[in-house]
Structures are given as C-alpha cells and as structure tokens.
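Close look at the chain arrangement
What follows is the residue order along each chain.
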Amino acid sequence: MDINLKNRKVVITGVSEGIGRSLALAFGEAGALVAGSARNRERLSAIESEISGAGHFFYSADFSKSNDIQTFHNKAISAMGGVDILINNVGSIQKLAGFFELSDEDWQEAFDVNLMSAVRTCRLFSSSLRQSESARIINITSVAASRPGDVFPHYSAVKAGLCNLTISLARTLAKDKVLVNSISPGPVWSKSWDDVAKNIAEKSGNDLQGIVDEMQTSSAETLLLKRMGVPNDVTGLVLFLASDLSGWITASNFTVDGGFAQNPY
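Residues numbered from 1 in each chain as written. Predicted model: local features only at pLDDT ≥ 70, side-chain atom pairs only at ≥ 80, totals over all residues. Heavy atoms only, no water.

1. A short note on the overall build of the protein
The line we're drawing: Helix and strand definitions follow DSSP, with helices as H or I runs of at least four residues and strands as E runs of at least two, each counted in order from the N terminus. Should any heavy atoms of two residues lie within 4.5 Å, those residues are counted as being in contact.
A tally of helices and strands in the protein yields eight helices and seven strands. Its C-alpha atoms give the protein principal-axis dimensions of about 55 × 40 × 40 Å. Residue pairs at least 24 apart in sequence account for 69% of intrachain contacts in the protein once pairs closer than 6 positions are excluded.

Put into structure tokens, the structure is as follows:
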C-alpha cells in the first residue's frame with residue numbers, strides 16, 4: 001500500500017523544530033511541495049538546506065499576529081499556486097505554571113498562539129483548499145486537551161478549543177470535500193521540554209543532563225510503552241491522513257501517546 005504524496009502542496013506552520021520540522025522533512029522526502037513558517041529564521045534556513053526536493057517555500061512569521069499570517073498566506077499561495085494540505089502545528093505552552101500564577105496576558109497569549117493562529121490560517125487558506133481534489137486540514141492538538149492537569153491550564157483549554165474547532169470545520173467544509181481531522185500527541189520531547197530542563201538547571205544549579213534524564217524517565221513511567229515520544233512517532237499518522245488512503249475519515253481526533261490515555265474507545 002503506497003502513500004502517494006508526490007507534488008501535493010502542503011502548508012505546515014511551526015516548522016522550526018519538533019513535530020513541525022519532522023513533518024516538513026517527511027513531506028519533502030515523499031515528493032510533496034512544502035510551504036513552512038516559523039519565527040526563527042536561522043532554523044528555517046537549516047530546514048531549507050536539509051529538505052529533499054525543490055520548489056519549497058519557507059517564511060519567517062509570528063503566528064500570534066494576524067498580519068504575519070496574512071503575509072505568509074499571500075506569499076505561500078504565490079509561491080505554490082495553491083494548497084492541498086494545511087497542517088496547523090504551531091503551538092506553545094508559553095508559561096509552565098498553575099492557574100493562580102497565570103495572568104490575563106498569559107491566557108491571551110496562549111489563545112492567540114494555539115487557537116487563533118489556526119482560526120486565521122484556516123480562514124485564509126480555505127478558498128484554495130476548496131479547489132483541491134485532495135484537500136485536507138490536520139490540526140495538531142495535545143492529549144492535554146482531554147487530560148488536563150494542574151499545570152498550564154491555559155494551554156490545555158485552548159487545545160481543547162482546537163479539537164472543538166476541528167469538528168466545526170469538518171461539518172462546515174464537508175460539502176466542499178475538505179477533510180478535517182486532529183491529532184493529539186502525548187509527551188513528545190522537543191525544544192519546550194529542553195527549555196523547561198534548562199530553567200530547572202539554572203534555578204537549582206544541578207546538572208542539565210541529569211535533569212533531562214530524570215524528566216524523560218519520569219514521563220516515560222506514565223506511558224504503557226515506557227518511553228517518551230519523538231517527533232517521528234507522529235509523522236506517520238500525519239502522512240496517512242494527508243494521503244488518499246484517508247478518503248473516508250473526517251471530524252476525527254487521533255491520539256498518539258504511547259498509551260498515556262489508555263482509552264479503550
């Protein structure tokens with residue numbers, strides 16, 4: 001069974017590291033044309049030098065700002081002539097804190113980065129997606145949307161909103177044959193985890209690698225598979241949902257979490 005994505009036009013937000021970077025490289029390897037965006041210009045340049053194939057487009061933008069999203073949309077459509085697949089991957093916890101340590105500004109920032117970025121991107125790219133014969137929207141959410149804890153409640157709440165938006169969009173765009181699904185990854189090691197580890201090391205004065213090892217071991221113990229995820233653990237499902245093999249799947253959320261949720265349904 002072949003996942004044929006050759007010459008598909010794919011827009012991916014938040015490609016500078018983690019899942020987004022893995023996705024950009026995987027779609028390039030699969031023969032797709034990739035338009036990617038992130039804030040860090042240096043990391044975008046690194047992806048440009050690594051990605052397979054030609055005709056890709058990368059642009060530095062802050063997806064918490066509507067003007068930046070508009071500019072990226074215009075330039076991406078101009079560069080590729082359209083879009084078949086939109087992957088809303090940009091997102092960030094922003095502040096690792098409990099409810100009473102979060103300000104109104106923290107909540108607004110989480111809302112803009114994790115939810116409004118997808119709202120604005122879907123709104124802008126929808127006209128081009130409607131013209132595609134293989135249109136897909138894939139939203140990268142989080143298991144925190146359905147399994148919130150006592151830290152970063154702002155992130156969990158807006159990721160739940162993104163899951164909700166996925167269903168609304170699937171209903172709205174069904175008549176146009178645009179399939180809309182979401183993926184909820186569990187604990188996948190990425191730059192945000194690195195940042196937390198560095199912050200702990202600076203405050204405690206303890207060895208950074210020791211803290212990283214402890215965090216990975218502690219997180220792994222909550223999972224049936226006893227290891228934290230890596231970005232490539234999510235990539236395969238995204239490629240499947242982007243392909244023609246997923247032609248009868250929409251309005252669904254898929255959990256990729258190493259057995260964290262242990263949901264029998």
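2. Remarks on the packing of helix H1 (residues 18–29) against helix H8 (residues 232–242)
To describe two helices that pack against each other, one gives the angle between their axes and the distance between the axes. What counts is decided by this rule: Helix axes are fitted to C-alpha atoms over the stretch in contact, other axes to C-alpha atoms as well, and angles between N-to-C directions run from 0 to 180 degrees. In these notes the angle categories are as follows: under 35 degrees is roughly parallel, over 145 is roughly antiparallel, 65 to 115 is roughly perpendicular, and the rest is oblique. Left-handed describes a crossing whose near helix is turned anticlockwise from the far helix through less than a right angle; right-handed describes the clockwise counterpart. Under this grouping Gly is polar, as are all residues other than the nonpolar Ala, Val, Leu, Ile, Met, Phe, Trp, Tyr, Cys and Pro and the charged Asp, Glu, Lys and Arg.
Closest axis-to-axis distance for the H1/H8 pair is 9 Å, and the angle between their directions is 50°. Between H1 and H8, the crossing angle belongs to the class labelled oblique. Here the hand of the crossing between H1 and H8 comes out right-handed. Taken together, the residues of H8 that come into contact with H1 (itself represented by Ile19, Ser22, Leu23, Ala26 and Phe27) are Asn232, Val234, Thr235, Val238, Leu239 and Ala242. Split into classes, the residues belonging to the contact of H1 with H8 amount to eight nonpolar, three polar and no charged.

3. Some details on the pattern of salt bridges
Note the cut-off: We define a salt bridge as a side-chain nitrogen of Lys or Arg found within 4 Å of a carboxyl oxygen belonging to Asp or Glu. Throughout this description, buried means an accessible area under 20% of the type-specific maximum (1.4 Å probe, protein chains only), exposed means over 50%, and partly exposed covers the range between.
This structure, assessed with the given rule, holds eight salt bridges. Across the pair glutamate 221 and lysine 226 runs a salt bridge, and its minimum N-O distance is 3.8 Å. Judged by its relative accessible area of 47%, lysine 226 falls in the partly exposed class. As a salt-bridge pair, aspartate 233 and arginine 227 come within 2.9 Å of each other at their nearest N and O atoms. Given a relative accessible area of 32%, aspartate 233 falls into the partly exposed group. Arginine 227 sits in the partly exposed class, given a relative accessible area of 42%.

4. Details of the sheet that holds strand S4 (residues 85–88)
The condition is simple: What makes two strands pair is DSSP finding at least two bridges between them.
Judged by pairing direction, the sheet is parallel, and its seven strands sit side by side in the order S3-S2-S1-S4-S5-S6-S7 without closing on themselves. At either margin of the open sheet sits one strand with a lone partner, and together these are strand S3 (57–60) and strand S7 (253–256). Adjacent strand axes in the sheet meet at a mean angle of 15° when their direction is disregarded. Of the pairings in the sheet, the one linking S4 to strand S5 (residues 136–140) comprises four bridges and is parallel in character. If you follow isoleucine 87 over to S5, its bridge partner there is isoleucine 138.

5. A closer look at the pairing of strand S6 (residues 179–185)
The buried fraction of S6 amounts to seven of the seven residues, a majority that puts the element mostly inside the structure. Going residue by residue along S6, you find Leu179, Asn181, Ile183 and Pro185 tucked away on one face and Val180, Ser182 and Ser184 tucked away on the opposite face as well. Looking at chain direction, S5 and S6 are connected through five bridges and run parallel. Within the sheet, the bridge partner assigned to isoleucine 140 lies in S6 and is isoleucine 183.

6. Examining the packing of aromatic side chains
Convention followed: Working definition: rings of Phe, Tyr and Trp (its six-membered ring) pair if their centres are within 6.5 Å, and the pair is stacked with planes under 30 degrees apart, edge-to-face with planes over 60 apart, and tilted otherwise.
Enumeration according to the criterion identifies seven aromatic pairs in this entry. Between phenylalanine 57 and tyrosine 59 the ring centres are 6.3 Å apart and the planes differ by 10°, which places this aromatic pair in the stacked class. With a relative accessible area of 17%, phenylalanine 57 lands in the buried category. With a centroid separation of 5.1 Å and an interplanar angle of 90°, the aromatic rings of phenylalanine 99 and phenylalanine 100 are classed as edge-to-face. Three or more aromatic residues joined by ring pairs form one cluster here, namely Phe57, Tyr59, Phe63, Phe72 and Phe125.

7. Description of helix H3 (residues 66–80)
What counts, and what does not: Between the first and last residue of a helix there are one fewer steps than residues, each counted as 1.5 Å, and that sum is the expected span. Here the arc refers to the set of directions running from the helix axis out to each C-beta atom.
Across its 15 residues, H3 extends 21 Å between first and last C-alpha, which sits within 8% of the 21 Å expected from 1.5 Å per residue. All of the buried residues along H3 are Ile69, Phe72, His73, Ala76 and Met80. The arc that holds the buried residues of H3, viewed along the axis, is 105°, so those residues lie on one side. In H3, those exposed residues whose orientation departs by more than 90 degrees from the buried face are Asn67 and Ser78. For H3, the secondary structure elements touched by its buried residues are strand S1 (9–13), strand S2 (33–38), S3 and helix H4 (104–130). Looking one or two places after H3, you find glycine 81, whose phi comes out positive at around 80°.

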